[in-house]
Amino acid sequence: MCGIVGVLGHHEVSPMIVEALGRLEYRGYDSAGIATVNAARQLDRRRAVGKLVNLSDLLVHDPLPGKAGIGHTRWATHGAPTVSNAHPHKSGPVAVVHNGIIENFRELRADLAAKGKEFFTETDTETIAVLAETFLDQGLSPRDAAEQTIARLHGAFALCFLFDGQDDLLICARKGSPLAIGHGEGEVFVGSDAIALAPLTDRITYLNEGDWAVLTRNSVEIMDSQGRRANREMRIVQIDTSRIEKGGHRHFMAKEIAEQPTVIAEALQNYLSSDGKSLNMPAALPDFAKVDRMVMVACGTAFYACLTAKYWFEQLAGLPVEVDVASEYRYREPPVTKGTVAVFVSQSGETADTLAALRYCTGKADTVLSVVNVAESSIARESALALPILAGVEIGVASTKAFTCQLTVLALMALKAASDRGRLSDGELATRLAAVRALPGMLNQALDRGTEIADISRRLAEARDVLFLGRGPLYPIALEGALKLKEISYIHAEGYASGELKHGPIALIDRDVPVIVFAPRDALFDKTVSNMQEVMARQGKVLLVTDALGAEQAGEGTWKTVTMPDIDPFLAPILYALPAQMIAYHTAVAKGTDVDQPRNLAKSVTVE
Ligand code: F6R
């Protein structure tokens, strides 16, 4: 949440910073701002409310010269999205951009106010600038003032300072929120992630937890949390920048939905043998025959991937699985017994609650492993083993391809567990893997339903409430369908296990509430169809998503039926995620909402 950029360059940095902020806008888009030190070594700033384009427009009319600068795109935590609350925050000769939350800002602010300092914003960030200014007032150098300031901050943050009179100095720090330093030729960059810096440099140093750094154009000095000089590896991080463009699609979400057959095929290549007939999982994965139970923890869509995987691990491998949302798990003090494998699933790998839950399990569980998209993320780096899902950069705030890639990796892990535990013969495993290899082709066929789903979605866009139903491993897909629809179309939507309907939610059914039912022709089909009939008996408007046989047997009397290709029931959740995503996408497009950057949301949730 919130994106940070810093540049000490050869040329005017404002355009460069605005461009880099564009690549970080997925982290927040409530307001944006930049500060520079110009040729006269004066600190100045420009800030604008709303999307980055508003800041760009402002800079056209009121340019900000300077070859040293910092920039920020905000997801508001403390204080409304107003110009005065927008970063960079400035106090006298100090400007700062910040991602995260300063938990002791009230105490600091009260202390500073008592000493006569004035505050002009509602933010926690302003306290950082004011505090640094007081240290400068005492005669400390910018470096010492920054060090003293950082030492007094509690909470999770990443920040970057710029100082009046200093056109060759940036000081940045990381505690709880990621921060990367990019090395150029006589230039240096700071970014919340390597994506922000991708076109500027591929030479990246990630700061470790508690690190802070003093940067000039020709030197990078990193200190650890004890103030000792620290050597941090510089890596080459190549990011295919075409993957951060829309590639002819109207929205990133549309592109990312369409990419799923390709990225899943790539993930399969990584996790299957070259002939595709056996698993090629990392040797460091535990022998599941020796595992007693699994705990899976995540947030949002990644949590639904865990819920789906629970069915697979329990049914195929006979392994008990507990699944929890990270924000609850981290404070519940759950016992983690020996023989437990703890699994953390996250697209960004930076979700604060998931990271905290991982830290809670470290040292308690036998194995701590993560399933992540961003390989360099904190969650990946703090796990004993990180399985990459290889979805490529996901920009749309609503997760799509990361979800199905998470499911794919978890499905393969469940097959390995079943095999380790003697619940799947080699022959049965080979049959399952043949179905897995056919998955990208099936997903392509599901994408072919796009036009039909777009037509239906134009009608769904008129609804005030929508219910999603599923049973067994399709229940988490109903939850995911509802989450996707509400987050991007702002239509109220709920997902239910179809058997739960008559325990309350059926009271909502009338002809104005569309009910979307995910029901492939599997062992539970008849049960789900009975629940669907109960809806239709109350004039409910049913959209049935099923396969050809399901449509033949239960399609009569529905409002609409969408037919998916036949698939091994084990893989149905991955396939049925696509119509769920397409329904949400086309409904949002029909409503004219901001699909890639829905209100109030950010892609990377680094605050709790
Ligand atoms: C919904 C969505 C969120 C994320 C959640 C966890 O479309 O994207 O619910 O799934 O914020 O994020 P990660 O996976 O980055 O931990």
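In case you missed it, the structure is sitting above this.
A quick note: this is a predicted structure, and the numbers were derived from the prediction, not measured.

1. Brief notes about the overall build of the protein
Then step 1. Counting its secondary structure elements, the protein contains 20 helices and 24 strands.
Then step 2. What you see for the protein is a C-alpha radius of gyration of 26 Å, in line with the 25 Å of a compact globule of 608 residues.
Then step 3. Seen through its principal axes, the protein has C-alpha atoms that stretch 80 × 50 × 45 Å.
Then step 4. Within the protein, the fraction of its 608 residues that count as buried is 61%.
Then step 5. Partitioning the contacts of the protein with sequence separation of at least 6, the portion at a separation of at least 24 is 70%.
Then step 6. Counting every atom, the protein has about 22500 Å² of accessible surface; 48% of that belongs to carbon and sulfur.
Then step 7. Across the protein, the centroid of the 61 positively charged side chains sits 1 Å from that of the 74 negatively charged ones.

2. Section: the packing of aromatic side chains
Then step 1. Within this structure, the stated rule accounts for 6 aromatic pairs.
Then step 2. Measuring from ring centre to ring centre gives 5.6 Å for Phe-303 and Tyr-304, while their planes differ by 50°; the resulting arrangement is tilted. With respect to class, Phe-303 is no different from Tyr-304; both count as buried.
Then step 3. Geometrically, the ring pair formed by Trp-312 and Phe-570 is edge-to-face, given 5.5 Å between the ring centres and 65° between the ring planes. Of this pair, Trp-312 sits in helix α9 (residues 300–317) while Phe-570 sits in the loop between β24 (560–564) and α20 (572–591), placing them 258 residues apart in sequence.
Then step 4. Judged by relative accessible area, which is 3%, Trp-312 ranks as buried.
Then step 5. Exposure remark for Phe-570: the relative accessible area of 7% places this residue in the buried category.
Then step 6. Taking the ring centre of Tyr-490 as reference, the NZ or CZ of Arg-599 above it sits at 3.8 Å.

3. Some words on the sheet that holds strand β4 (residues 68–74)
Then step 1. Strand order in the open sheet formed by 8 strands is β3-β2-β4-β1-β10-β9-β11-β14, and the pairing between neighbours is antiparallel. Of all strands in the sheet, those with a lone pairing partner are β3 (43–49) and β14 (234–236), marking the two edges. Each strand axis lies, on average, 20° off the axis of its neighbour in the sheet, ignoring direction.
Then step 2. Here 4 bridges tie strand β1 (residues 3–8) to strand β10 (residues 188–191), and the two strands are oriented antiparallel to one another. Residue pairing in the sheet places Val-5 in a bridge with Gly-191 of β10.
Then step 3. Contacting β1, β2 (31–37), β4 and β10, helix α1 (residues 14–24) runs over the sheet at an angle of about 155° to β1.
Then step 4. Contacts from helix α2 (residues 52–61) reach β2 and β3 within the one sheet, and its direction differs from that of β3 by about 130°.

4. With respect to the pattern of salt bridges
Then step 1. Enumeration according to the criterion identifies 36 salt bridges in this entry.
Then step 2. Across the salt bridge formed by Asp-111 and Lys-115, the nearest N and O atoms sit 3.6 Å from each other.
Then step 3. Taken together, the salt bridges that share partners define one network made up of Arg-293, Glu-322, Asp-324 and Arg-332.

5. Some details on the state of the cysteines
The bond known as a disulfide is covalent and runs between the sulfur atoms of two cysteines.
Then step 1. Considering all chains together, one arrives at 0 disulfides under this definition.
Then step 2. The structure places no disulfide on Cys-160, whose sulfur is separated from the nearest cysteine sulfur, that of Cys-172, by 5.3 Å.
Then step 3. Owing to a relative accessible area of 0%, Cys-160 belongs among the buried residues under this scheme.
Then step 4. The thiol sulfur of Cys-299 is not disulfide-bonded, and the nearest other cysteine sulfur, from Cys-306, lies at 9.5 Å.

6. Looking at the packing of helix α4 (residues 125–137) against helix α5 (residues 142–151)
Then step 1. With their axes 8 Å apart at the nearest point, α4 and α5 run at an angle of 130° to one another. Judged by the inter-axis angle, α4 sits oblique to α5. Considering how the two elements wind past one another, α4 and α5 form a crossing that is right-handed. Here Ile-128, Leu-131, Ala-132, Phe-135 and Leu-136 of α4 lie close against α5, whose contacting residues are Pro-142, Ala-145, Gln-148 and Thr-149.
Then step 2. Residue composition of the contact of α4 with α5, by class: 7 nonpolar, 2 polar and no charged.

Thresholds applied
Residues numbered from 1 in each chain as written. Predicted model: local features only at pLDDT ≥ 70, side-chain atom pairs only at ≥ 80, totals over all residues. Heavy atoms only, no water. Helix = DSSP H or I, 4+ residues; strand = E, 2+ residues; numbered from the N terminus. Rg over C-alpha atoms; globule rule 2.2 N^0.38 Å. Buried < 20%, exposed > 50% of the residue type's maximum accessible area, 1.4 Å probe, protein only. Contact = heavy atoms within 4.5 Å. Areas by Shrake-Rupley, 256 points an atom, 1.4 Å probe, with all protein chains shown as cover. Lys, Arg positive; Asp, Glu negative; His and termini not counted. Charge placed at Lys NZ, Arg CZ, Asp CG, Glu CD. Phe/Tyr/Trp six-rings, centres within 6.5 Å; stacked < 30°, edge-to-face > 60°. Lys NZ or Arg CZ within 6 Å of the ring centre and 35° of its normal. Pairing = 2+ DSSP bridges. Axes fitted to C-alpha atoms, helices over the stretch in contact; angles between N-to-C directions. Salt bridge = Lys/Arg side-chain N within 4 Å of Asp/Glu carboxyl O. Disulfide = S-S within 2.5 Å. Parallel < 35°, antiparallel > 145°, perpendicular 65-115°, else oblique. Left-handed = near helix turned anticlockwise from the far one by under 90°. Nonpolar A, V, L, I, M, F, W, Y, C, P; charged D, E, K, R; others polar.

Shape descriptors only; they carry no functional weight alone.
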